[in-house]
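So you can see what is in the structure, the chains are spelled out below.
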Amino acid sequence: VDVFQAWCGPCKPVVNLFQKIRNQVGSDLLHFAVAEVDSIDALEKYRGQCEPVFLFYTGGELVAVVRGVDAPLLQKTILKHL
């Protein structure tokens, strides 16, 4: 989940990375979503930050958090949890 604030918007460059990985591993295994922190109370702790935050869930459980746009780390995290 790409967690963003309305004033800076979701991290569009990372969408291409997720699409590439999704094509490699199969569309049923990887799902990408965006969530605006100002409209979701459960994400309140991510408000006021200027760097992108990516939350990774497996089976409904939060398994990893990546702060900032680090493509190699994002890819490694995704593949590790698939």
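It should be emphasised that the depicted structure is a prediction, and the values quoted were computed from it without experimental measurement.

1. Here's the deal with the side chain of Q5
Inference 1: Structurally, the position occupied by Q5 is in the loop between β1 (2-4) and α1 (12-25).
Inference 2: For Q5, the side chain forms a polar contact with the main-chain nitrogen of G48, separated by 2.7 Å.
Inference 3: When residues no more than four places from it in sequence are discounted, the contact partners of Q5 are V37, D38, R47, G48 and Q49.

2. Examining the sheet that holds β1
The pairing of strands in a sheet comes from backbone hydrogen bonds and takes either a parallel or an antiparallel form.
Inference 1: If you walk across this open sheet you meet the four strands as β2-β1-β3-β4, and the pairing is mixed. Each having just a single partner strand, β2 (34-36) and β4 (61-67) make up the two edges of the open sheet. The mean inter-strand angle of the sheet, taken between neighbouring strand axes irrespective of direction, is 30°.
Inference 2: As judged from the three bridges shared by β1 and β2, these two strands associate in the parallel manner. Within β2, the residue paired with V3 across the bridge is A35.

3. As for the pattern of salt bridges
Inference 1: Tallying each qualifying case throughout the model produces two salt bridges.
Inference 2: R47 serves as the salt-bridge partner of D38, at 4.0 Å between the closest nitrogen and oxygen.
Inference 3: By relative accessible area, R47 is classed as partly exposed at 28%.
Inference 4: Between D41 and R47 there is a salt bridge whose closest N-O contact spans 3.8 Å.
Inference 5: Among the charged side chains, a network of salt bridges with common partners joins D38, D41 and R47.

About the thresholds
Throughout, a residue's number is its position along its own chain's written sequence, starting from 1. pLDDT decides what is reported in this predicted model: residues at 70 or higher carry local features, side-chain atom pairs at 80 or more are listed and counted, and totals for whole chains, interfaces and linings draw on all residues regardless. For the side-chain quantities, the full set of heavy atoms in the structure was used; hydrogens and water were omitted. In this text, helices come from DSSP runs of H or I with a minimum length of four residues, and strands from runs of E with a minimum of two, each type numbered from the N-terminal end. We define a polar contact as two N or O atoms separated by no more than 3.5 Å, with the added condition that, inside protein, one atom must be a possible hydrogen donor and the other a possible acceptor, whereas residues neighbouring each other in sequence contribute only through side-chain atom pairs. Here, two residues are considered to be in contact whenever any of their heavy atoms come within 4.5 Å of each other. Paired strands, in this sense, are two strands between which DSSP finds at least two bridges. Inter-axis angles, ranging from 0 to 180 degrees, are taken between N-to-C directions of lines fitted to C-alpha atoms, where helices are fitted over the stretch in contact. We define a salt bridge as a side-chain nitrogen of Lys or Arg found within 4 Å of a carboxyl oxygen belonging to Asp or Glu. For every residue, the accessible area (1.4 Å probe, protein chains only) is compared with the maximum for its type, and the residue is labelled buried under 20%, exposed over 50%, or partly exposed between those bounds.

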